[in-house]
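Summary of the model geometry
The primary structure of each chain is shown beneath.
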Amino acid sequence: MRRRVYLCLRHTLAFSLLLGIWAPKTMAQANVQGQWSTLPYLMPINPVHVALLSNGKVLVVAGSGNCPPSQAGCPSGPPYGPSNNSGALLWDPNAGAISQFSLSWDMFCNGMALLQDGRALIDGGTIKYDPFYGQSNVAVFDPATNLFTNVQNMAHGRWYPTVLTLGDGRVMAFSGLNETGATNTAVEFYTVGSGWSTQYIAPWTPDLYPRLHLLPNGKVFYSGAQTTSKLFDPSTTTWNTNIASTNYSGTRTYGTSVLLPLTPANNYDPQVMIMGGHSPATNTSEIIDLAAPTPAWQSGPNMSEARIEMNAVILPDGRALAVGGSVNDEDTTTASLNADLLGPDPNNPGKYIFSSAGANAYPRLYHSVALLLPDATVWLAGGNPSRGSYVQQMEIYQPPYLFNSTGGAAIRPSITSAPRSISYGNAFTVQTPDAASINRVVLVRNGTVTHAFGMDQREVELSFTAQSGSLTVTGPPNGNIAPPGYYMLFLLNSSGVPSVATFVQMVPVVAQPDFSVAATPSSRTIPPGTGTSYSASVTPSNGFSGNVTFSVSGLPSGATATFSPSSVTGSGSSTLSVNTSSSTPAGSYTLTISATSGSLTHTAQVTLVVADFSISASPSSQTVNRGSKTTFTVSVTAMGTFSAAVSFTVSGLPTRTSSSFSPTSVAGSGNTTLTISTKPRTATGTYPLTIKATGGGLTHSTTVNLVIK
């Protein structure tokens with residue numbers, strides 16, 4: 001016994017000496033590679049699917065947890081819970097506390113998305129093992145009550161589905177095995193309050209857990225694992241099934257795919273990176289720029305190790321952690337323990353490079369998960385290459401930005417206060433004592449991770465200006481760039497060190513009942529002492545049904561106005577009658593028509609021109625022989641500010657004559673020549689002619705005589 005204790009102490013001493021030798025080097029590298037640690041407690045269920053909730057806790061859903069009823073020690077059926085090491089739980093990273101729940105049906109291998117209000121939508125699961133049949137059941141987990149509530153079923157089952165939040169808040173479900181074990185090729189949309197849409201059958205058969213990303217144009221990009229990329233348009237429910245083909249010829253099964261950060265600096269150019277996958281696995285990556293005229297996959301940097309069953313996590317500074325996996329699927333002897341950090345290549349602008357992120361301690365293969373936490377660390381858990389057992393230890397990765405050059409803790413910026421919700425395109429204020437040093441403001445969507453893919457994973461950079469003690473930040477432009485829901489708001493200083501995040505809810509601007517007003521015509525011209533009218537029309541929007549009253553301003557002196565009717569309800573038109581007096585000054589007046597309902601006022605403008613013109617013609621009579629022509633000079637004289645174009649007509653001509661004006665019109669004041677041509681057989685006689693001049697809504701006339709011999 002004494003010898004065993006001695007040996008133990010000797011080994012401990014040797015390890016301590018080694019640690020003393022290596023610790024400074026390890027610490028010195030922390031600001032380059034980051035640092036890994038293992039939590040002092042275990043995960044009590046297989047963490048198959050995880051989601052970060054808006055209260056900072058992590059929802060873990062295992063269901064039966066890859067433990068079939070035919071295997072000893074596995075759940076024989078529902079309920080799934082603590083008594084048979086299955087079900088679901090909440091993990092509190094801050095307190096280290098775990099609360100377990102029982103499930104009434106098997107949510108194993110579901111899809112999961114976080115709804116706009118912060119609840120988790122659990123989509124599908126397992127009916128039976130070997131062969132696997134998919135559940136059509138759907139449940140919602142409410143973090144306010146810690147309860148799972150069943151909602152409307154889908155049309156058919158889904159086992160291994162992908163769910164994705166769209167820009168309007170709907171959740172799109174695709175793929176998975178149905179209740180007979182066939183691949184479900186239908187797209188369905190879930191809307192809170194109204195349930196599931198009809199099915200939209202795809203013209204192709206997807207792989208299970210397809211990698212889907214919402215793009216800024218509202219379309220959904222399929223990046224694998226198949227070699228041919230595709231595009232889905234939710235607005236038309238149509239597919240383009242041949243966008244681009246990968247350079248890697250094999251299917252990237254259980255590799256991963258990330259939408260790289262969206263930034264206003266590059267107009268939110270969507271770039272997607274795929275990496276790893278296949279068995280034996282590849283260490284390659286590829287990037288596609290989906291804003292290019294002809295998108296094509298380009299070879300990216302290689303990871304330090306080949307990875308199948310890997311995870312990739314976007315960090316607040318825009319880099320991505322690639323971690324876990326193995327060379328051969330579900331083979332711990334070929335586990336990839338060296339982690340990689342994807343970031344910009346300092347020597348090649350616009351390109352990326354992988355660098356070392358140290359090494360984690362435990363094999364993370366099938367059913368492993370990695371999740372960004374609000375403190376800007378990454379949680380790594382699970383690994384279940386053989387049924388009935390899984391890696392219970394959990395690890396935390398502290399990225400390099402949390403360390404200074406000596407290996408100590410970096411000084412982090414802080415958020416004093418931020419709004420609980422923000423809306424698209426609108427400014428909001430973040431209080432921080434570090435405003436002067438802030439270099440970036442980013443939103444990172446709360447993660448939902450399973451089977452090597454973070455569903456809905458995205459990072460959006462925001463524009464901002466700094467004031468003393470605060471930042472004025474502009475929200476994302478629309479839901480296609482940042483779908484509704486909860487995000488972690490991070491501030492990063494000029495050294496790239498992030499704050500601890502504050503949760504903010506991205507919400508659409510709720511359209512309020514409103515109306516618009518328009519007026520026609522846009523302009524009227526009248527002489528002093530006369531009147532005219534306009535029409536004002538009210539058009540409602542978003543269910544507006546209020547009473548709208550009218551008023552007008554800008555009338556010249558001596559003018560009066562009335563509306564008939566004086567108000568309309570919901571929608572309708574009113575006639576504005578304007579009357580001037582003989583003393584009303586000539587001029588052009590802008591009239592502003594105001595339409596008011598409660599606190600809402602909208603305006604439309606029209607122009608009233610008080611002016612006139614006169615017309616004369618000379619000579620008063622012209623004599624012309626048959627077969628000849630003659631002319632009259634017609635003069636227009638502006639009165640006041642009259643400047644409209646005046647056109648001319650003549651009436652009273654006998655047959656076998658023709659007339660023309662040159663020019664055809666004059667603006668304001670001017671002359672035109674009326675030419676009259678006769679034929680040899682034109683009847684002789686004296687003909688009174690009426691010359692009319694029309695412009696600006698006014699008409700005046702004068703008469704002349706035409707004598708034909």
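Further up the page is the structure itself.
If you're wondering where the values come from, they're calculated on a predicted model, not measured in any experiment. (Residues numbered from 1 in each chain as written. Predicted model: local features only at pLDDT ≥ 70, side-chain atom pairs only at ≥ 80, totals over all residues. Heavy atoms only, no water.)

Next up on the list: the overall build of the protein chain. Scanning the protein chain for helices and strands turns up one helix and 58 strands. Taken over the C-alpha trace, the protein chain has a radius of gyration of 38 Å; the compact-globule value for 709 residues is 27 Å, which it surpasses by more than 25%. When the backbone C-alpha atoms are referred to their principal axes, the protein chain occupies close to 145 × 60 × 50 Å. Counting the 709 residues in the protein chain, one finds 51% classified as buried. Partitioning the contacts of the protein chain with sequence separation of at least 6, the portion at a separation of at least 24 is 58%. (Helix = DSSP H or I, 4+ residues; strand = E, 2+ residues; numbered from the N terminus. Rg over C-alpha atoms; globule rule 2.2 N^0.38 Å. Buried < 20%, exposed > 50% of the residue type's maximum accessible area, 1.4 Å probe, protein only. Contact = heavy atoms within 4.5 Å.)

Reading across the sheet, the four strands line up as 6-7-10-11 and stay open at both edges, with antiparallel pairing between neighbours. Each of the sheet's edge strands pairs with one partner strand only, and the pair in question is strand 6 (111-114) and strand 11 (147-151). With strand direction ignored, the average angle separating the axes of adjacent strands in the sheet is 25°. The pairing of strand 6 with strand 7 (residues 120-123) spans four bridges and is antiparallel. Across the sheet, the residue bridging to Met112 is Ile122, located in strand 7. (Pairing = 2+ DSSP bridges. Axes fitted to C-alpha atoms, helices over the stretch in contact; angles between N-to-C directions.)

Here we take up the packing of aromatic side chains. Any two aromatic rings considered together are summarised by their centre-to-centre distance and by the angle between their planes. As enumerated under the stated definition, the model contains 25 aromatic pairs in all. Judged by centre distance (4.9 Å) and plane angle (50°), the rings of Tyr129 and Phe132 are tilted. The pair Tyr129 / Phe132 is uniform in exposure class, with both members buried. Centroid distance Phe189 to Phe232: 6.4 Å. Interplanar angle 25°. Geometry classified as stacked. A residue pair is termed long-range when its members are at least 10 positions apart, and Phe189 in strand 14 (residues 186-191) and Phe232 in strand 19 (residues 228-233) qualify at 43 residues. As far as burial versus exposure is concerned, Phe189 and Phe232 are alike and both buried. An aromatic cluster is present here, built from Phe174, Phe189, Tyr200, Trp204, Tyr222, Phe232 and Trp239 joined pairwise through their rings. Across from the ring centre of Tyr133, 4.9 Å away, lies the NZ or CZ of Lys128, which sits over that ring. (Phe/Tyr/Trp six-rings, centres within 6.5 Å; stacked < 30°, edge-to-face > 60°. Lys NZ or Arg CZ within 6 Å of the ring centre and 35° of its normal.)

The next thing to look at is unusual backbone geometry. The linkage connecting Pro78 with the following residue, Pro79, adopts the cis geometry, with an omega of 0°. Cis peptide bonds are those with omega within 30 degrees of zero, and the linkage from Ser618 to Pro619 qualifies with -5°. Relative to the elements of secondary structure, Pro619 occurs in the loop between strand 50 (600-618) and strand 51 (621-624). Its identity as a non-glycine residue notwithstanding, Asp456 has a phi of 75°, on the positive side. Here Asp456 is to be found in the loop between strand 36 (453-455) and strand 37 (459-462).

One pass over the structure, following the stated rule, counts 11 salt bridges. Note that Arg307 and Asp340 form a salt bridge whose closest N and O atoms lie 2.7 Å from each other. Of the two residues, Arg307 is situated in the loop between strand 24 (297-299) and strand 25 (311-314) and Asp340 in strand 27 (residues 338-344); the sequence distance between them amounts to 33 residues. Across the pair, Asp340 and Arg307 agree in class, each one buried. Residue Arg445 pairs with Asp456 through a salt bridge whose shortest N-O separation is 3.8 Å. Remark: Asp456 occurs in the loop between strand 36 and strand 37 and Arg445 occurs in strand 34 (residues 438-445); sequence separation between them is 11 residues. The exposure class assigned to Arg445 is buried, which follows from its relative accessible area of 4%. Ionic contacts of the salt-bridge type, sharing partners, join the residues Arg440, Glu459 and Glu461 into one network. (Salt bridge = Lys/Arg side-chain N within 4 Å of Asp/Glu carboxyl O.)

Quick look at the side chain of Thr682 now. Summarising the element assignment, Thr682 is placed in the loop between strand 56 (670-678) and strand 57 (685-695). At a separation of 2.8 Å, a polar atom in the side chain of Thr682 contacts the main-chain amide nitrogen of Lys679. (Polar contact = N/O pair within 3.5 Å; in protein donor to acceptor, adjacent residues only side chain to side chain.)

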